[in-house]
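Okay, here's what each chain looks like letter by letter:
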Amino acid sequence: MTSQSLPARTILILFVALVATKLALLAVDPLPRVFLGDTASYLHAAATGWVPPDRSYAYPLFIRFVAEGAGSLMPLLLAQSMLGAIVALIVLRVLTSSFGLDARVAASIAFAFALGPEQLFYERMIMAEAVSLFALAAMLAAGFAYVRDGRLAWLPCIALCGALAAAFRISVLPFVLGFAALPVVVRFLAAWSWSPRAMLRTALHGIVALGLCSVAQSGVRTWYDAQFDQDDEYRTDYSAHGGFFRLSLVLPLVQPDDIEAVGLAPDFLERVKPGWNDYRARELQLWGEDTFIALMRKEHGDPVANRMARKLASRALRHDPLQLFVLGAWTLGDYFDDPLATSRLHDDMGERSPTRDEADYIMRWWGFDATGIGQRDSLSKTWFEAGAPWLVFCLFALVPLALATLATGWRDRRGASMLLAVASLGLFLGHALFSAIVSYRYLHPFPLFVVLNLGAIAANLVTRRARQSPERDAGQPR
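Now for a quick tour of the structure.

Conventions adopted
Residues numbered from 1 in each chain as written. Predicted model: local features only at pLDDT ≥ 70, side-chain atom pairs only at ≥ 80, totals over all residues. Heavy atoms only, no water. Helix = DSSP H or I, 4+ residues; strand = E, 2+ residues; numbered from the N terminus. Rg over C-alpha atoms; globule rule 2.2 N^0.38 Å. Buried < 20%, exposed > 50% of the residue type's maximum accessible area, 1.4 Å probe, protein only. Contact = heavy atoms within 4.5 Å. Areas by Shrake-Rupley, 256 points an atom, 1.4 Å probe, with all protein chains shown as cover. Lys, Arg positive; Asp, Glu negative; His and termini not counted. Charge placed at Lys NZ, Arg CZ, Asp CG, Glu CD. 1 Å grid on protein atoms, 1.4 Å probe; cavity = no way out; pocket = protein on both sides within 12 Å on 5 of 7 lines; lining within 4 Å. Points joined across faces, edges and corners; volume = space filled by probe spheres on them. Nonpolar A, V, L, I, M, F, W, Y, C, P; charged D, E, K, R; others polar. Core = buried A, V, L, I, M, F, W, Y, C linked by side-chain atoms within 4.5 Å. Salt bridge = Lys/Arg side-chain N within 4 Å of Asp/Glu carboxyl O. Axes fitted to C-alpha atoms, helices over the stretch in contact; angles between N-to-C directions. Left-handed = near helix turned anticlockwise from the far one by under 90°. Phe/Tyr/Trp six-rings, centres within 6.5 Å; stacked < 30°, edge-to-face > 60°. Arc of directions from axis to C-beta.

1. A look at the overall build of the protein chain
Then, in step 1: From N to C terminus, the protein chain includes 23 helices and 0 strands.
Then, in step 2: Its C-alpha radius of gyration of 24 Å places the protein chain within 12% of the 23 Å reference for a compact globule of 478 residues.
Then, in step 3: Buried positions account for 53% of the 478 residues belonging to the protein chain.
Then, in step 4: Intrachain contacts of the protein chain at a sequence separation of at least 6 include 76% that bridge at least 24 residues.
Then, in step 5: Accessible surface, the protein chain as shown: approximately 21,000 Å² in total, 62% of it carbon and sulfur.
Then, in step 6: Each charge class in the protein chain was averaged separately, 43 positive and 42 negative side chains, and the resulting centres sit 12 Å apart.

Dropping the structure here:
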């Protein structure tokens, strides 16, 4: 048995239970959480229509859609909680339909996932994580559906959901791009049919998948560019400061010869404070004052400096692309540097309170008193802090779990197991290569993949045991 068809009544019961639990917890812990300055930018953009040059504009539009006119942030917390419940249903659907896991076991896993520390915390955080994860989970569900039945109609769903996930959280873009044609390739490899018809069909579907992904991602960039019309000199990407983000990621790889090649003054590096090429200072160089990037912006203005940064990042990466793996390994190792990791955890928990002016602004527009919010405890904040080791476990356990999924499902459930395993490896690799800091916030998608792998392994082992029992019985002498 490779799948289970769940009655609509079962799904409805679980959804009602999830919603009731989410609402009860929200009644006990209704305090919104903020991460400054991202939250301030999102709320300001939602209230005024201002387009952030360095953050998602899709999320402010979501805030405006669900909370405008309410004079409160509660509708936003409700919406994000409902999306969390839907993601849990996606976990149930994937585990039962693609892996044949017992419905009761799958429902228990989905329910436990819905109560995870990262889920409850980011459903209350005024950040894009909860919405982006919903789009990412929907993309995954469409991918598994394609592997099951091969219907072309799933490919636009994959492209659209992936574009939405990246529009809300640009950090998932490498994963989204890598996933675009993966279900098509996996279905072909799982069937292992080299007939001309199968190969032609795979090629056509692969071209469609990549084309739809390209169109969807180009649409996001074009849409953003149309919104960000303050300066015609800008060449926007997924954000108007895309070049700065790229440069900060590879800044330690920049060589002195690169400086003049992109138009910076020969003595530029002499005027930058020491430490600009420290791998741990990459985020500081992006946001700090009197840094490498800040000096570029001061001397050349944002539009020109952003183009220089894009060129400089490309040159730096061409020197030795493998060094990006070294930078990633160093950053992953920092999760075991207790002082650094603890500092980053408290930062991700939103312990920077707004200034008086910021608090007054939030109160005026959204009816929420954010004074001293960084030091105010809540159930979700305490749960998130306690769950930090779980998030680190998910990061480092995902690769061995993915390999175990592939190994246990290779004979009986090759397509679904291969898709989940490769997608999990891609998520880990994307984080390792493109995350410049220790960040528990960036680990938000990992528990979803971990619980899917755990459920898949359990289902695969049950199926293997059921298959081996008749084989053993057949071998017994009569």
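2. Digging into empty space enclosed by the protein
If a probe as big as a water molecule is rolled over the atoms, it shows which places are left empty.
Then, in step 1: Evaluation of the coordinates by the stated rule reveals 2 cavities of 30 Å³ or more.
Then, in step 2: There is about 50 Å³ of room inside the largest cavity.
Then, in step 3: Contributing to the lining of the largest cavity are Met-139, Leu-155, Ile-158, Ala-159, Gly-162, Ala-163, Val-176, Ala-180, Ala-209, Cys-213 and Gln-217.
Then, in step 4: The set of elements that each furnish at least two residues to the lining of the largest cavity consists of helix H8 (154-168) and helix H11 (196-227).
Then, in step 5: Within the lining of the largest cavity, the residues separate by chemical class into 9 nonpolar, 2 polar and no charged.
Then, in step 6: One number sums up the size of the second largest cavity: a volume of about 40 Å³.
Then, in step 7: Taken together, Leu-83, Gly-84, Val-87, Glu-118, Gln-119, Tyr-122, Glu-123, Ala-130, Leu-133 and His-444 form the lining of the second largest cavity.
Then, in step 8: Looking at the lining of the second largest cavity element by element, the count peaks at 4 residues for helix H6 (residues 117-124).

3. Quick look at the side chain of Ser-380
Then, in step 1: Relative to the helices and strands, Ser-380 is located in helix H20 (residues 379-386).
Then, in step 2: In this structure Ser-380 comes out as buried when scored by relative accessible area, which is 2%.
Then, in step 3: Excluding anything up to four places from it in sequence, Ser-380 contacts Asp-29, Arg-33, Leu-120, Phe-121 and Arg-124.

4. Description of the nonpolar core
Then, in step 1: With 120 residues, the main nonpolar core has Tyr-59, Tyr-440 and Leu-448 as its most contacted residues.
Then, in step 2: Considering each element in turn, this core owes the most residues, 13 residues, to helix H4 (residues 74-97).
Then, in step 3: Dropping the residues within four chain positions of it, Tyr-59 is found in contact with Tyr-42, Leu-76, Gln-80, Met-125, Ile-126, Met-127, Ala-128, Val-131 and Phe-168.
Then, in step 4: Ranked by size, the runner-up nonpolar core spans 29 residues in total, among them Val-250, Ile-293, Leu-312 and Ala-316.

5. Observations regarding the pattern of salt bridges
Then, in step 1: All told, the structure shown has 20 salt bridges when counted by the stated rule.
Then, in step 2: Residue Glu-299 is joined to Arg-271 by a salt bridge in which the shortest nitrogen-to-oxygen separation is 2.1 Å. In this pair, Glu-299 is assigned in helix H15 (residues 292-300) and Arg-271 in the loop between helix H13 (256-261) and helix H14 (282-287), connecting sequence segments 28 residues apart.
Then, in step 3: Given a relative accessible area of 35%, Arg-271 falls into the partly exposed group.

6. Looking at the packing of helix H12 (residues 242-250) against H15
Then, in step 1: Relative to each other, H12 and H15 sit at 145 degrees, their axes nearing to 10 Å. At the point where H12 passes H15, the crossing takes the right-handed sense. For the pair H12 and H15, the contacting residues are Phe-244, Leu-247 and Ser-248 in the first and Phe-292, Ile-293, Met-296 and Arg-297 in the second.
Then, in step 2: Here the contact of H12 with H15 is composed, by residue class, of 5 nonpolar, 1 polar and 1 charged.

7. Some points on the packing of aromatic side chains
Then, in step 1: For the structure on display, the rule yields 21 aromatic pairs.
Then, in step 2: Between Tyr-59 and Phe-62 the ring centres are 6.4 Å apart and the planes differ by 20 degrees, which places this aromatic pair in the stacked class. A residue pair is termed a helical-turn pair when its members lie 3 or 4 positions apart in one helix, as Tyr-59 and Phe-62 do in helix H3 (residues 58-67) at 3 residues. For the pair Tyr-59 and Phe-62, a shared accessibility class is recorded, and that class is buried.

8. Regarding H20
Then, in step 1: Burial in H20 covers these residues: Ser-380, Lys-381 and Phe-384. Projected onto a plane normal to the axis of H20, the buried residues spread over an arc of 100 degrees and lie on a single side.
Then, in step 2: Close packing links the buried residues of H20 with H6, helix H18 (338-348) and helix H21 (388-409).

9. Comments concerning H3
Helical geometry: 3.6 residues make up each α-helical turn, so side chains three or four residues apart lie on a common side.
Then, in step 1: The set of residues buried in H3 consists of Ala-58, Tyr-59, Pro-60, Phe-62, Ile-63 and Ala-67.
Then, in step 2: Of the surrounding secondary structure, the elements contacted by the buried residues of H3 are helix H2 (38-48), H4, helix H7 (129-149), H8, H11 and helix H19 (356-366).

10. Brief notes about unusual backbone geometry
With the exception of glycine, most residues fall at negative phi, and the peptide bonds are largely trans.
Then, in step 1: The peptide bond linking Leu-36 to Gly-37 adopts the cis configuration, its omega dihedral lying at 5 degrees.
Then, in step 2: Looking at the element boundaries, Gly-37 is found in the loop between helix H1 (8-28) and H2.
Then, in step 3: We note that Asp-290 has phi near 60 degrees; this positive angle belongs to a residue other than glycine.
Then, in step 4: Here Asp-290 shows up in the loop between H14 and H15.
Then, in step 5: Residue classification places Asp-290 among the partly exposed positions, given a relative accessible area of 45%.

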